[in-house]
Each structure stands twice: as structure tokens, then as C-alpha cells.
2 protein chains.
Amino acid sequence: MKIINTKDTNFKSEFESILARAKSDIKGVSKIVSNIIDEIVESGNEALKSHIEKFDKWTVAKDEDLLISQNDMKKAYENIDENLRNALHTAYDRIKVYHEKQLPKSWIDFEENGTILGQKVTPVDRAGLYIPGGKAAYPSSLLMNAIPALVAGVKEIVVCTPTPNNEVNELLLAACHLCGVSKVYKVGGASAIAAMAYGTQTIQKVDVITGPGNIFVATAKKLVFGEVNIDMIAGPSEIGILADESAKPHYLAIDLLSQAEHDEMASSILITTDEDLANKTSIEVENYLAKLEREAIARKSIEERGVIIVTSNMEESIELMNEIAPEHLEVMTKNPFELLPYIKHAGAIFLGENTPEPIGDYIAGPNHTLPTGGTAKFYSPLNVENFMKKSSIISFSKNAISKLGEPCALLADTEGLTAHAKSVRVRLEDK
Amino acid sequence: MKIINTKDTNFKSEFESILARAKSDIKGVSKIVSNIIDEIVESGNEALKSHIEKFDKWTVAKDEDLLISQNDMKKAYENIDENLRNALHTAYDRIKVYHEKQLPKSWIDFEENGTILGQKVTPVDRAGLYIPGGKAAYPSSLLMNAIPALVAGVKEIVVCTPTPNNEVNELLLAACHLCGVSKVYKVGGASAIAAMAYGTQTIQKVDVITGPGNIFVATAKKLVFGEVNIDMIAGPSEIGILADESAKPHYLAIDLLSQAEHDEMASSILITTDEDLANKTSIEVENYLAKLEREAIARKSIEERGVIIVTSNMEESIELMNEIAPEHLEVMTKNPFELLPYIKHAGAIFLGENTPEPIGDYIAGPNHTLPTGGTAKFYSPLNVENFMKKSSIISFSKNAISKLGEPCALLADTEGLTAHAKSVRVRLEDK
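If you're wondering where the values come from, they're calculated on a predicted model, not measured in any experiment.

Pulling in residues and values, what's your account of the overall build of chain A?
When helices and strands are tallied, chain A shows 15 helices and 15 strands. With the C-alpha coordinates of chain A rotated into their principal frame, the extents come out at 85 × 60 × 45 Å. Counting the 431 residues in chain A, one finds 62% classified as buried. Look at the contacts in chain A between residues 6 or more apart in sequence, and 74% of them connect residues 24 or more apart. As presented, chain A carries roughly 15800 Å² of accessible surface, and 50% of it is formed by carbon and sulfur atoms. Side chains of chain A give 45 positive and 61 negative charges; the mean places of these two sets differ by 6 Å.

Before we move on, could you go through the interface of chain B and chain A and cite the residues and values that matter?
Chain B puts 124 residues into the contact, and the matching count from chain A is 124 residues. Linking chain B with chain A are twelve salt bridges, by the criterion used here. Of the charged contacts in the structure, one is a salt bridge between Lys344(B) and Asp125(A), with a shortest N-O distance of 3.2 Å. For the pair chain B and chain A, the interface holds 74 residue pairs in polar contact (both at pLDDT 80 or more). Of the residues forming the side of chain B that touches chain A, the biggest block, nine residues, is contributed by helix H14 (residues 398–414) of chain B.

Lay out the layout of surface pockets with the relevant residues and their values.
Volume-wise, the second largest pocket comes out at about 450 Å³. Forming the boundary of the second largest pocket are 21 residues, of which Pro104(A), Lys105(A), Glu385(A), Pro104(B) and Glu385(B) lie nearest the centre. Looking at side-chain class alone, the lining of the second largest pocket contains seven nonpolar, six polar and eight charged residues.

Break down the pattern of salt bridges for me, with residues and values.
Enumeration over the complete set of coordinates arrives at 55 salt bridges over all chains. Glu78(B) is the partner of Lys74(B) in a salt bridge, and the nearest nitrogen-oxygen pair spans 3.4 Å. Pair noted here: Lys74(B) and Glu78(B) are both in helix H3 (residues 70–79), with a separation of four residues, about one helical turn. Given a relative accessible area of 40%, Lys74(B) falls into the partly exposed group. Several salt bridges share partner residues, and in doing so they unite Glu286(A), Glu295(A), Arg299(A) and Glu303(A) into one network.

Could you give me a rundown of the UniProt feature "binding site: substrate" (unreviewed entry) in chain A, with the residues and numbers involved?
All names here are of chain A. The UniProt entry lists Ser237, Gln259, His262, His328, Asp361, Glu415 and His420 under the feature "binding site: substrate" (unreviewed entry), expressed in the numbering used here. With the annotated positions falling across 184 residues, the maximum pairwise C-alpha distance of 56.4 Å shows that they are not confined to a single cluster. The residue Ser237 is located in the loop between strand E9 (229–230) and strand E10 (238–243) in this model. Those residues within four positions of Ser237 in sequence are excluded, and the remaining contacts are Gln259, His262, Ala266, Ser267, Glu327 and His328. Within the structure, the side chain of Ser237 is placed 2.4 Å from the side chain of Gln259, a separation counted as a polar contact. Locating Glu415 in the fold gives a position in the loop between helix H14 (398–414) and helix H15 (418–429).

Explain the environment of Val184(A) to me, and be specific about the residues and the numbers.
Its location among the elements puts Val184(A) in strand E7 (residues 183–185). For the pair Val184(A) and Glu316(A), spaced 132 residues apart in sequence, the C-alpha to C-alpha distance is 48 Å.

Quick one: what's the story with the UniProt feature "active site" (unreviewed entry) in chain A, residue by residue and with numbers?
All names here are of chain A. UniProt's feature table lists "active site" (unreviewed entry) at Glu327 and His328, given in the numbering used throughout. Among the structural elements, Glu327 can be located in the loop between helix H12 (314–324) and strand E13 (328–332). Here Glu327 falls in the buried class, since its relative accessible area comes to 6%. Once you skip the residues sitting within four places of it in the chain, Glu327 turns out to touch Pro236, Ser237, Glu238, Ala346, Gly347, Ala348, His368, Leu370, Pro371 and Thr372.

Give me the lowdown on the packing of helix H8 (residues 215–224) of chain A against helix H8 (residues 215–224) of chain B, citing residues and values where you can.
Between H8(A) and H8(B), the shortest axis-to-axis distance is 9 Å and the interhelical angle comes to 160°. Between H8(A) and H8(B), the angle is such that the two are roughly antiparallel. Between H8(A) and H8(B) the crossing geometry is right-handed. Contacts from Lys222(A), Leu223(A) and Val224(A) of H8(A) reach H8(B) at Lys222(B), Leu223(B) and Val224(B). In terms of residue class, the contact of H8(A) with H8(B) is built from four nonpolar, no polar and two charged.

So what about empty space enclosed by the protein? Which residues, and what values?
Summed over the entire model, instances satisfying the criterion amount to four cavities of 30 Å³ or more. In this model, the largest cavity occupies a volume close to 690 Å³. Lining the largest cavity are 35 residues, with Asn229(A), Glu385(A), Asn386(A), Asn229(B) and Asn386(B) sitting closest to its centre. Of all the secondary-structure elements, those providing two or more residues to the lining of the largest cavity are E9 and strand E15 (388–395) of chain A together with strand E9 (229–230) and strand E15 (388–395) of chain B. For the lining of the largest cavity, the residue count by class is 19 nonpolar, eight polar and eight charged.

Before we move on, could you go through the side chain of Lys186(A) and cite the residues and values that matter?
All names here are of chain A. Residue placement: Lys186 occurs in the loop between E7 and helix H7 (189–198). Within the buried set, Lys186 has no salt-bridge partner at all; the shortest N-O distance to an opposite charge, 6.6 Å, is to Asp72. Of the polar contacts made by the side chain of Lys186, one reaches the side chain of Asn166; its length is 2.8 Å. When residues no more than four places from it in sequence are discounted, the contact partners of Lys186 are Ile52, Trp58, Asp65, Leu66, Ile68, Thr161, Thr163, Asn166 and Val168.

Conventions we followed
- Residues numbered from 1 in each chain as written.
- Chains lettered and ligands numbered in written order.
- Predicted model: local features only at pLDDT ≥ 70, side-chain atom pairs only at ≥ 80, totals over all residues.
- Heavy atoms only, no water.
- Helix = DSSP H or I, 4+ residues; strand = E, 2+ residues; numbered from the N terminus.
- Buried < 20%, exposed > 50% of the residue type's maximum accessible area, 1.4 Å probe, protein only.
- Contact = heavy atoms within 4.5 Å.
- Areas by Shrake-Rupley, 256 points an atom, 1.4 Å probe, with all protein chains shown as cover.
- Lys, Arg positive; Asp, Glu negative; His and termini not counted.
- Charge placed at Lys NZ, Arg CZ, Asp CG, Glu CD.
- Salt bridge = Lys/Arg side-chain N within 4 Å of Asp/Glu carboxyl O.
- Polar contact = N/O pair within 3.5 Å; in protein donor to acceptor, adjacent residues only side chain to side chain.
- 1 Å grid on protein atoms, 1.4 Å probe; cavity = no way out; pocket = protein on both sides within 12 Å on 5 of 7 lines; lining within 4 Å.
- Points joined across faces, edges and corners; volume = space filled by probe spheres on them.
- Nonpolar A, V, L, I, M, F, W, Y, C, P; charged D, E, K, R; others polar.
- UniProt positions renumbered as here; feature names shortened; annotations may be inferred.
- Axes fitted to C-alpha atoms, helices over the stretch in contact; angles between N-to-C directions.
- Parallel < 35°, antiparallel > 145°, perpendicular 65-115°, else oblique.
- Left-handed = near helix turned anticlockwise from the far one by under 90°.

Set out below in C-alpha cells:
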């Protein structure tokens, strides 16, 4: 695994390429995706069917075949291995408890002049979750997207997932049953995003679309943003690790590889003050790599996008990591908590040697849908508020408007909006 | 003003056109805007200068001329009329107090097995506010965009605003001084959005862009979404009013007109159970219209997009209003508070006859940047969280991973991610 030092003469350009790690080609596929969306808007189910025939290689005989029945979900749930069902339940319970703690409350506040101000929080009516199919059909993605919507109080949660050759993923269906998903449609890719954003004869328009996907799905989400809300535009997975000399090289190595096995485009970055640790970790990575089921993917990712950075001190390590703003950040130091005040940008922060990142993917409770490619500088993990929205509440008394009406009307006058001013003054005159 | 009744045979199609009120032509200008963005990305300041020359009709001699000095802002603040300065201060104070109540707190929680879970809330590093220039240069927009960023704790707040003929709006500068804006750039339109999203030699890249603008600005915000975060994509302003027989027709009329005077594309919609009130309000609208400074704009808006809907009962009124999901909703009924539980979708809710909508535009405290065109179904008013983001915090003890590690690894195995499973099991084996 490549090791660089902040003292290297070419460090700056090396670091620039780490910062640019996630440039995706949304623009390159925009035209294709935009056409797909237009087709769905224009011909609804007919377009869906032809896209399924083309991409998923099966024929939709009638509209109802787009839908998976509640009964099939229930059967899938009942048929899975008991240990696995228990594990799903453990994950479900922990994710639910964590997200319940995120629930914002409506509030209201009063002033002595009779003014009442507040904020009402309401769930959206309908949420649409996109869950990739085929090799990336992860039931954990379903839990992580459905549970925040469920906790937010969304009445109707629908799922779109591609079913190549009309084969459904039983474990995904089991998870849908567990989460009380209303409807699952066998529709994938950009077509699915368009169908949920604009509606078709069978699929009702939703208010919010969340969930992972390839570049076509990500581009479609961006294009429909505004017609519906979306969570974020996600790129390849990544991990950053901050370590000092107390860290165990074999833990660091397998944690770096747990990201690398996701995707050849995944980035695994270790920043450490300890050059010896850097060397040992690199050796451990090589040892583990040879034994991995997904060796080819992980090796390509580590070779092309993996890097160990050796720094002069922890301050420098943290500064670089804040610039990187990784999706996952492990802190493997003697006292990881003391670094929390200085960590500004990261999707999820994993503290201490007993908190490997995969714990957060499945069972810890916080969401595993996290901002990638440095977008942790401005995006949050998926959370209940993605499925809720606020309304301001304003009520003025006679007393309040007599006191605040004139400065308000003055500001309106200044902006040339005289009907605004009049609407206030007509109340003042009435007294 | 047009009056329709839910019992009319063509009501459904009339109502459909109300729901479709805000279809903007983002797609139609995407190509032009995309080219503008490309130019800024490729040639930075040089492109900015040529766009200013073309659209704002003045020549930028040197890079520093893009920037308005702190001293100019201070002078503008000192030079404005005292009453106006006091009104600005009143607005500033009230907006600040309201937004402080929105501030989310970081939290942390503990389990008996040693698990620690939490959520860290952090402001973004840099916020970019877009404030339109020319006839729509509203200092209130500056307050409403800058104060939430200020309250969120954003260190650097920059503003871009066009200055046609190199003329600056003194009141806007005064408001910038009041809010402690770091930098104001004389740059407008899609170029400004691109400059803030990607950076140029003079303008540093920001993390979040908010603020109103025309179709080119809205389209640019959509195109840079993902590179930075944005608030929402806003369309023309609109008001919905729910009224019963207790409402005063002349209040309703001037409130409808206060939206109509904004923009020929603005929508003013009254829904009432009282046909007599509908007729009287329509007459009052005509009376006021003839006396308005902005009569031409308001008249076109009222004639083409204004409507009064007469319903059979309040339940029906509310149901229609929830479908419309208006930006501003006034509730002019005997006891407006009792309707709050049923109002699901609205940007801001104004309760009672002493709460005309313009109160919320300037002085009440809540933000006046609100979701339009039905997007209140999924967007919130601009708020401090637009300038903040969250990081999950996860720390497992030895005890916690021994208990939860195996179900976690089982789920990873099931998804074929064996390095994930290994990263957990290597910890279990170490004990």
C-alpha cells in the first residue's frame, strides 16, 4: 500500500488527488438519464416495461406484475434462516432506537405582547426508497432507509428495486416485511427514480426519494431534485483512519480492506504519526488481501486509491482529515474521545479499537447512508429529518402589530412593496 | 377576481391548473446555464469579468474591483436614515432570537454494555448567499439568509450580488454590515453561483449556497447541487388564505394583493366556505388594485393566477389547501389555532386577522425564504440547519462487540462482504 509523508516534496499534489478522489461523471450521463426521465413522464408504465425488458431481461405481462405482493414479503420473512432473522431484528431494533432520538419536536413560544411564534414539524406523505438489485442488493440498505421514514411517521413507504431476470432478493423482501413497507416495485435504475418523482399509472408520486445507486441513479436523483426532495448524491464508499502508535496494525489493515472490498473506486486512507505503524499496516494489508474472497476488487481499490499518510503530529493529521472529510472516520488512538472537538467533517466517527466501521454498517444504530467524496463538509447522514419538513407558525396580537407594524411597513416601503406596507397599515388604521 | 366553486363541473381541471402553477422552465435554460458554469470553472475571474461586462454593463479593471470593501459597508450602515436603521435592527434582533431557538444540539447517549452513540452538530466552514440586484435588491433577503448562517456559527459568510452599471444598493450594504458579512462580491446570476460553488482566483469555494434568484440562478443552484449544498429551488411567491365568514374582506383583499405585487407569476388563492365573503373580497381586490403603485404587475398576477375557491365546508377547504401546499398560508377564521393540527403542508402559517403575511416577510422572526409551488410538501423554510451538518458518533466497548459482533458479521456474510465480517471477527478472536 502506498505510503507518503507530509514532508515529501510532491505531497501537495498527492494530497490534491486524494481530495479529488470522487469526481463522478454525472454530466457525462445527464443526457441519457434525462431522456429516460422524459420517457417515463410521457408514457408511464409503457416506458417502465420497455426499460425492464431492455435492462432486466424479462417481460412485464401486465401492470400488476410490477408489484411484489405483501404476501410474498411475509413469506420471505418467514422463510429465512432463524439466526439471520434474529440478526435482522437486532439491527432493526437498534437502528429504530437511535433514529427515535433524532425526532425533532414541534415547538411554540410566547411573548408578553401577545405574539406567538413556533415551528410545526410534519412527516412527508410518501417516501420512495431506491434499493439496488443484483450483486449490490443489500437488505441493510433497506433497513437504513426505511427505518428513518418509519420513525418520522411517513404513512406510505414504497420501494423500487430492479429484479434482473425477474428474480427477487428474498432477504430484501424479508426486510421490507419487517419494516412495514407499503409497496415494492420491480423497477430499477433511472426509470425507477423518474417513476417515483413523477408517478405512473401504477406508481404514485412520492415526496422524497432516498437510497444508494449507480451513476445513473445518482444522476436521476439530481435531475428530479426540486420535483421531489432527495437525500444526497452519493459516490463510492471510503474510510479514513486517524491512528497513533497505540493502534494495532492488523485492525487497521482489515478495516481499510473492509472499505476496499466494496468497490474498485472505494478509497481507504490511513493517517498516522507513526512511520513504523504505517509500514506494519501496509504488510498486514498485503497478508489479508491474499486471503480475501473479493481480493480482485479490494486489491485494485487499495493499489489505485489506497494511501497511508505519515504526519509530524496529531494536529497535522486532524487538519488533513478535516480537509478529506471522509464518509467513515475511525479514530484509533489512546484516548479517541479527546479528539472529538477537533473533528469537523466526517459522516460517521468510530472511536476506539473495538469499533470497526462494519459495526456501523449493520448493527450499531446510526445510519450507514453517509456523505461521500468530501461532502461531509455540508451533508449529514441520512436521518429522520430527511422524511420531515417544517412550517413556521406566526400569530400577532393587536398589541404586537401596533408595536411592530410601523417598522415593518417602513421596510416594505423601502423595498418598493407598497401593498405589503398597506396590508400592515390597514390593520393599524382599524384601531 | 375569478371565483370558482368545488361543485362546478370543471372544478377538477381548474384545480389541476392551480396545482401546476409553478412549473418552471429549468430544463429550457439548463444548456445556457451549464455553459456559463463551465466558463467559470475553466477561466475563473476572466469569465466573471466578461459576464459582468455583458450583463451588468461595466468593466472590471482589476480583480480587487469585484469586492466591496468592509469600509464601504460600514459607511452605508452609518449613512442610512435613522428610522430605517432602527427598523433593520428590530428585524435583525427578532430574526436572530427566532433562529436561535432552532439551534440543534450535539447529543450523546450511553448503554449499560459500554456502547456510546451520539450525533455531533457542526456548522459548515463557509456559506455563500446570493442576493438579487436591481429592482429586486431586498435588504430583508440579506437578513433572512445571513442570520441563520450567523446563528449556526458559520465563520465565513460571503455574498454575491449583481451591480448593474456598477451601482451598489446602499441599504443592502448596510444590512451586510449589520450581519457581519465577511465579503461582498459584485457578481450576479449563474456566474455567481458557479463562482461560489467552484471558486475562482478571488472567490473562495463555499460549502452551502442559499438565496433567491431568477430562473438562471435557480437552474445554476440545481446544477451545482452535490458540489455544494443548496437550500431549495424557489419559484414565484404565493399566498393561500383559509377564511370563514368571520374574516374581513378588505384584509383578505390587500393580503392577496401583497403577494400579487411581487411578480406577474405570483399566485394568490383564497379558499372560503362563504360565497358572500368571496364576492365581497373580489370587489375589494378591484378597489385596492386601482390604487396600487405596482398595479400592472398585481393586476396581471390576480387576473391570470389569482382565484377564490368556494367550498362546502372547512374540511374540504383544508384538504384542498394541503394539496396546494402554499408558501404562505393565512388562516382567517374565528379560532385559527384549532385548525393547526389539520394543516399539513405550508411554508409559513399566519394565524388570525392581525397577522398579515408581510409581517413574516420583515419583522416577525421566522424566515421569509420558504418553499414555493407545492414544495412545502417536502421542503422546510430556510433555517439554521441549512448551514450545519451532523456526524454520527459510535463507540463500542469490548463487552458491546462481544455481544453484537456475531449478528453483525452474520449480516455482512449474507451480503457477501467477508472483509466486513472479518474486521468484526478479528476483534472477537482477540479476546
